[in-house]
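Structural overview for review
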Amino acid sequence: MIEIKNLTKKFDDKEILSGINLTVKQGEKVVIIGSSGSGKSTLLRCINQLEIPTSGEVWFGNYLLTDVDPYLHEEIIKTSKTFQKLINKNSLDESQAIEAIQAQKLLKHQEGKEFKKAVKAYQEKYHIGIDQARQKIGMCFQHFNLFNNLTVMDNLILAPVELKMMTKEEAVSKASELLKRIGLYDKKDAYPSKLSGGQKQRIAIVRSLCMNPSVMLFDEPTSALDPEMVGEVLELMKELATMGMTMVVVTHEMRFAKEIANRIIFMDEGKILEEGTPQEIFNNPKNPRTKDFLSKVL
Amino acid sequence: MNLFKDIYKILATPELRNYLLEGFKNTLAVTLIAAGIGLVLGFTVAIVKIFAMDNRKLKPFAVIGNIYTTVIRGTPITLQLFIMVFAILAIPGFKVTAVILTFGINSGAYVSENIRAGILSVDKGQMEAGRSLGLSKYKTMTKIIMPQAIKNVIPAIGNEFIALLKETAIVSIVGSTVGTLTFDLNQATSTINKTIANYLAPAVLAAGLYLGIVYGITLLIKKFEKRLRASDRN
């Protein structure tokens, strides 16, 4: 469902993510843990392109969300001038040349017409407009980000109606149903400023659900909440998980992670240091950094 | 007291009273038209500057916008008025247009900075939330960001409007009359002076009128603001 290939992200010269590879299958619940500054939020935001990756590719099903990263495609590398030069002048064979180019990042700004054409053709074949992809990728933020100028109901129906996915009546009935399910139907005409943090976050989750997403991303959804409100949000997320939603969650709630995750990913300094089932990670961590981190948070 | 006698005399003499009323009317007219120009201009410049932040094609327009705000805000309006009326638009019969345009262009520079600040003051998360739902940047801007920005900006725009209204008083420096119009309250005042040889009474009357308008505008803005803030209190 989501495939991240050799993703890097630099802010100025600082490398936040270095060479992340990650695949999330349909229905899988992946929880990303790690200390702050480890790049886990940035990774999540790279999935729906709120941060544009510096290199690497993000795939959503059969669609490419990022630009083509030529280093990932041998057939594109083969059209480059550098490749021809390595073969002709340095008399490497094809696989050596490709390896050298990939390892040392030898591609230059100008690699000739053929190369440009190959990149463009690939891009046209697989790339999908990001706005279109985002309709199917729900996202929940640490600070909820409900639209302050709209009532709860209008928050929920704005996107489906504006994007012509539903008529207004359909959207209202869907939103009402979801609001009733989380017990906040009586707040439908309230503005966000009148809601508690827990209510806001649950409505933010429901806002994403109104789009019928095929995957949900959660960026520390409980970090900004008062302790007594964390439970209600986690409860809703658990319900989503049991309904079979594909989820990628960045969180500090280790107990929650243990409960819902199929796979835990431990990140540190922009790299995935360890991944495995909750049992493997929590009971038997292999990497010393993972051990160190878990000893502090558990 | 003489002052009250003079004020009474001005108000009681139709000819003198008409000067004041005419000035009152013209002041409002110039302010309103100039404010309209300023709003449209300021809004456009602000939007261009905001969108140019991540759109290379708009960069040159943003540079023009920056030059505009820098020059206009960096020079006295008195000079701008002189240059516009006696050089750039020194065409007979265009004095009124030149004056109104000057005020509009001047006001636009300040308004654009107010609106820009208002847009930037809206939490970044609002745009991210809109985009993450698949809404385009333009849609998020018009449905989410602008309504919140405008609410934030109303007091500043109100101040700008009041400042503009009072600034129109300097029209008198580019000529005693503009066409057949007696152009603003001050203008009317100085005309009245010639008739009654007392500076205080017309000045006090004019000041009273200015104060009245400004106070009225302040009340209107407050009311408007209160309505827009409904979503905060509910």
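Now for a look at the structure at hand. (Residues numbered from 1 in each chain as written. Chains lettered and ligands numbered in written order. Predicted model: local features only at pLDDT ≥ 70, side-chain atom pairs only at ≥ 80, totals over all residues. Heavy atoms only, no water.)

Details of the sheet that holds strand β6 (residues 137-140) of chain A
Residues and elements named next belong to chain A. An order of β6-β7-β8-β3-β9-β10 is seen for the 6 strands of this open sheet, with the pairing classed as mixed. What marks the edges here is a single partner per strand, and that holds for β6 and β10 (271-276). When strand polarity is set aside, the average angle formed by the axes of neighbouring strands in this sheet is 15°. Here strand β3 (residues 29-33) pairs with strand β9 (residues 263-268) via 4 bridges, running parallel. Along β9, the bridge assignment pairs Ile32 with Ile265. Here helix α1 (residues 40-47) sits on the sheet in contact with β3, β6, β7 (215-219), β8 (246-250) and β9, set at roughly 150° to β7. Its contacts with the sheet put helix α9 (residues 197-209) on β6 and β7, and the angle it makes with β6 is roughly 170°. (Pairing = 2+ DSSP bridges. Helix = DSSP H or I, 4+ residues; strand = E, 2+ residues; numbered from the N terminus. Axes fitted to C-alpha atoms, helices over the stretch in contact; angles between N-to-C directions. Contact = heavy atoms within 4.5 Å.)

Some remarks on the interface of chain B and chain A
Taken residue by residue, the interface counts 21 residues in chain B and 27 residues in chain A. Summed over both sides, the interface of chain B with chain A buries roughly 2100 Å², with 54% coming from carbon and sulfur. Viewed at the interface, chain A and chain B are joined by 4 salt bridges. Note that B:Arg131 and A:Asp131 form a salt bridge whose closest N and O atoms lie 3.0 Å from each other. (Buried area = accessible area lost by both parts, 1.4 Å probe. Salt bridge = Lys/Arg side-chain N within 4 Å of Asp/Glu carboxyl O.)

Brief notes about the sheet that holds strand β5 (residues 63-64) of chain A
Residue and element names in this part refer to chain A. The 4 strands are arranged β2-β1-β4-β5 in an open sheet whose pairing can be described as antiparallel. What marks the edges here is a single partner per strand, and that holds for β2 (14-24) and β5. Two strands pair when backbone bridges link them, and strand β1 (residues 2-11) and strand β4 (residues 55-60) are joined in this way by 5 bridges, in the antiparallel orientation. Across the sheet, the residue bridging to Thr8 is Ser55, located in β4.

Regarding the packing of helix α3 (residues 59-74) of chain B against helix α5 (residues 95-121) of chain B
All names here are of chain B. Two elements in contact, α3 and α5, have axes whose closest approach is 9 Å; the angle formed by their N-to-C orientations is 115°. Crossing geometry of α3 relative to α5 is assigned as left-handed. For the pair α3 and α5, the contacting residues are Tyr68, Thr69, Ile72 and Arg73 in the first and Ile105, Asn106, Gly108, Ala109, Tyr110, Ser112 and Glu113 in the second. (Left-handed = near helix turned anticlockwise from the far one by under 90°.)

A look at a nonpolar patch on the surface
Residue and element names in this part refer to chain B. A cluster of nonpolar side chains, contributed by Leu79, Phe82, Ile83, Phe86, Ile88 and Ile173, occupies part of the molecular surface with about 570 Å² of accessible area. When you line up the elements, Phe86 lands in helix α4 (residues 77-88). Exposure remark for Phe86: the relative accessible area of 46% places this residue in the partly exposed category. (Patch = residues over 30% accessible without salt bridge, like charges linked within 9 Å, V, L, I, M, F, W, Y side chains within 5 Å. Areas by Shrake-Rupley, 256 points an atom, 1.4 Å probe, with all protein chains shown as cover. Buried < 20%, exposed > 50% of the residue type's maximum accessible area, 1.4 Å probe, protein only.)

Concerning the pairing of β4(A)
Extensive coverage of β4(A) is indicated by the burial of 5 of its 6 residues. Taking the residues between adjacent antiparallel strands as the criterion, β4(A) and β5(A) are bridged by 2 residues, where A:Gly61 takes a positive phi near 60°.

Side note on the pairing of β10(A)
Residue and element names in this part refer to chain A. Pairing geometry for β9 and β10, over 5 bridges, is antiparallel. Paired with Phe266 across the bridge in β10 is Glu274. In this antiparallel pair of consecutive strands, β9 and β10, the connection spans 2 residues, and Glu269 shows a positive phi of 50°.

Focus: the environment of A:Thr23
All names here are of chain A. Mapping Thr23 onto the fold places it in strand β2. Judged by its relative accessible area of 38%, Thr23 falls in the partly exposed class. Taking C-alpha positions, Thr23 is 38 Å from Tyr191, a pair spaced 168 residues apart along the chain. With residues near it in sequence (within four places) discarded, Thr23 still touches Ile2, Glu3, Glu28 and Arg263.

Digging into the environment of A:Glu99
Positionally, A:Glu99 belongs in helix α4 (residues 94-104). Sequence separation of A:Glu99 and A:Tyr71 is 28 residues, and the distance between their C-alpha atoms is 9.7 Å.

Comments concerning the pattern of salt bridges
Inspection of the entire model under this criterion finds 23 salt bridges over all chains. Residue A:Glu51 is joined to A:Arg45 by a salt bridge in which the shortest nitrogen-to-oxygen separation is 3.1 Å. Classification of A:Glu51 by relative accessible area gives buried; the value is 16%. Its relative accessible area of 12% is what places A:Arg45 among the buried residues. Each of B:Lys49, B:Arg73, B:Glu113 and B:Arg116 takes part in salt bridges that share partners, so that together they form one network.

Digging into the packing of helix α2 (residues 14-52) of chain B against α3(B)
Relative orientation and spacing of two packed helices are given, respectively, by the angle between their axes and the distance between those axes. All names here are of chain B. Across the interface, α2 lies against α3 with an axial gap of 9 Å and an inter-helix angle of 130°. When the axis of α2 is compared with that of α3, the two are oblique. The handedness of the crossing between α2 and α3 comes out as left-handed. Taken together, the residues of α3 that come into contact with α2 (itself represented by Leu41, Val45, Val48, Lys49 and Ala52) are Lys59, Phe61, Ala62, Gly65, Asn66, Tyr68 and Thr69. Of the residues contributing to the contact of α2 with α3, the split by class is 7 nonpolar, 3 polar and 2 charged. (Parallel < 35°, antiparallel > 145°, perpendicular 65-115°, else oblique. Nonpolar A, V, L, I, M, F, W, Y, C, P; charged D, E, K, R; others polar.)

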